[in-house]
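Listed below are the residues making up each chain.
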Amino acid sequence: MTSEQLLLALLAATPEPPGTDVDDLLAAFARMIDLRQELIDAPGAPLAPSPADHVLLEELARRDASWKHALAVAHQQLGAQRVAATKVRAYGQL
């Protein structure tokens with residue numbers, strides 16, 4: 001497997017994050033991570049990209065950034081829900 005083939009396979013395994021549903025996001029993230037790990041662990045996976053792979057690396061980095069942003073937003077949403085649930089429980093005890 002060449003570095004270009006590996007990067008193309010990693011791109012195929014790294015779709016854009018799904019919508020805003022946290023459960024869908026986490027399920028898609030888990031699938032993506034498993035697929036990517038299988039590719040990286042495969043026998044014959046190249047150790048380093050070639051200079052010609054720059055464009056593919058940039059696209060993979062962009063998709064990774066999209067995932068990081070989507071996961072950060074989901075984290076904030078879950079935190080806000082947890083705070084709201086704590087307040088509801090506290091008000092119920094008054």
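Keep in mind that what you see is a predicted model, and the values were worked out from it rather than measured.

As a further point, take the side chain of threonine 14. Its place among the elements puts threonine 14 in the loop between helix H1 (3-12) and helix H2 (22-41). Only 2.6 Å separates the side chain of threonine 14 from the backbone oxygen of leucine 10, close enough to count as a polar contact. Look past the residues within four positions of threonine 14 in its chain and what remains in contact with it is Met32, Arg36, Leu60, Arg63, Asp64 and Trp67.

For the rest of this paragraph, the subject is the nonpolar core. The nonpolar side chains of soluble globular proteins are, as a tendency, buried together. The biggest cluster of nonpolar side chains holds nine residues, and these are Leu6, Leu7, Leu10, Leu11, Ala13, Leu39, Ala45, Leu56 and Leu60. For this core, the secondary structure elements donating two or more residues are H1 and helix H3 (54-92). With four residues, the single largest contributor to this core is H1. Contact partners of leucine 60, with chain neighbours within four places excluded, come to Leu7, Leu10, Leu11, Thr14 and Arg36. Core analysis: the next-biggest nonpolar cluster, separate from the first, contains seven residues, Leu25, Met32, Trp67 and Ala74 among them.

What counts and how
- Residues numbered from 1 in each chain as written.
- Predicted model: local features only at pLDDT ≥ 70, side-chain atom pairs only at ≥ 80, totals over all residues.
- Heavy atoms only, no water.
- Helix = DSSP H or I, 4+ residues; strand = E, 2+ residues; numbered from the N terminus.
- Polar contact = N/O pair within 3.5 Å; in protein donor to acceptor, adjacent residues only side chain to side chain.
- Contact = heavy atoms within 4.5 Å.
- Core = buried A, V, L, I, M, F, W, Y, C linked by side-chain atoms within 4.5 Å.
- Buried < 20%, exposed > 50% of the residue type's maximum accessible area, 1.4 Å probe, protein only.

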